[in-house]
Amino acid sequence: MVKENLLIVENRIEEACKRCGRDRSEVTLIAVSKTKPADMIREAYQSGIRDFGENKVQEICDKYELLPDDIRWHMIGHLQRNKVRQVIDKAVLIHSVDSVRLAEQIEEEAAKKGICVDILLEVNVADEESKFGFRLEETEQAIRDISVFPHISIKGLMTIAPFVENSEQNRPVFKELNEFYVDMQRKNIDNVNMNMLSMGMTGDYEIAIEEGATLVRVGTGIFGTRYKIGENEV
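These numbers come from a predicted model, not from an experiment. (Residues numbered from 1 in each chain as written. Predicted model: local features only at pLDDT ≥ 70, side-chain atom pairs only at ≥ 80, totals over all residues. Heavy atoms only, no water.)

Undergrad: Which residues make up helix 5 (residues 100-113), and what values do they have?
TA: With 14 residues, helix 5 ought to run about 20 Å at 1.5 Å a step, and its terminal C-alpha atoms sit 20 Å apart, in line with that. Among the residues of helix 5, Leu102, Ala103, Gln105, Ile106, Glu107, Glu109 and Ala110 are the ones counted as buried. Considering only its buried residues, helix 5 is in contact with helix 4 (84-87), strand 4 (91-97), strand 5 (117-122), helix 6 (136-146) and strand 6 (152-158). Glycine 114 occupies a position one or two residues after helix 5 and carries a positive phi of about 70 degrees. (Helix = DSSP H or I, 4+ residues; strand = E, 2+ residues; numbered from the N terminus. Expected span 1.5 Å × (residues − 1). Buried < 20%, exposed > 50% of the residue type's maximum accessible area, 1.4 Å probe, protein only. Contact = heavy atoms within 4.5 Å.)

Undergrad: Would you mind going over the side chain of lysine 63 in detail, with residue names and values included?
TA: Residue position: lysine 63 is located in helix 3 (residues 57-66). Taking the relative accessible area as the measure of exposure, lysine 63 reaches 7% and is therefore buried. Once residues lying within four places of it in the same chain are set aside, the contact partners of lysine 63 are Ser33, Lys34, Thr35, Lys36, Ile41, Glu54 and Trp73.

Undergrad: A description of the packing of helix 6 against helix 7 (residues 171-187) should follow, citing residues and the corresponding values.
TA: The geometry of helix 6 relative to helix 7 is characterised by a closest axis approach of 12 Å and an angle of 30 degrees between their N-to-C directions. Here helix 7 runs roughly parallel to helix 6, going by the angle between their axes. Read as a crossing pair, helix 6 and helix 7 show a hand that is right-handed. On helix 7, the residues that touch Leu136, Thr139, Glu140, Ile143 and Arg144 of helix 6 are Glu176, Leu177, Phe180, Met184 and Lys187. Tallied by class, the residues present in the contact of helix 6 with helix 7 amount to 5 nonpolar, 1 polar and 4 charged. (Axes fitted to C-alpha atoms, helices over the stretch in contact; angles between N-to-C directions. Parallel < 35°, antiparallel > 145°, perpendicular 65-115°, else oblique. Left-handed = near helix turned anticlockwise from the far one by under 90°. Nonpolar A, V, L, I, M, F, W, Y, C, P; charged D, E, K, R; others polar.)

Here it is as structure tokens:
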């Protein structure tokens, strides 16, 4: 099932890239493997996927030990400051930095380990009370505040769009974040390499690609429906 689903997702990514005149190489597919067993991840790995996204630190830690060491683990869920130490040397990218205080904790733990941690700032574009992230109007100042930390490298931005019935409803959200992202690129802030835009999930990744996403996070579209009540679909 995973192999067949990946073919469908890949075809849709290619078609979305063609529609907006982008090269397929500009978009990285992250297979969101949260709650999924190692066997299903191995099936995706055998189909060529190397980027996997997890919501929980413990799942990254457990799967990191079980699965091939060339997997690139992405931390895409809300990260608690007391869990930073466990994940910073395992995730290639933390998508969900949603406060300067969290960035300060990452800086502190990274300094202890002598590493530099790549991060994205999570932006709550739709200003939903149920979501984490900086409000759009706060984000530039947050970028400037965090950019001075020597053990952190800001690589771009991430958003989780609202749950909608029609994916087209999220186009304005993706468009607005992309416009801000391009504006931040032009400002050329020191220690900020604004080249990653993580947006789009199973229900709307094609729209996100058309609006500039460089990373799309697809879970259900690859691994099938999860059966844990209360979790957001990806």
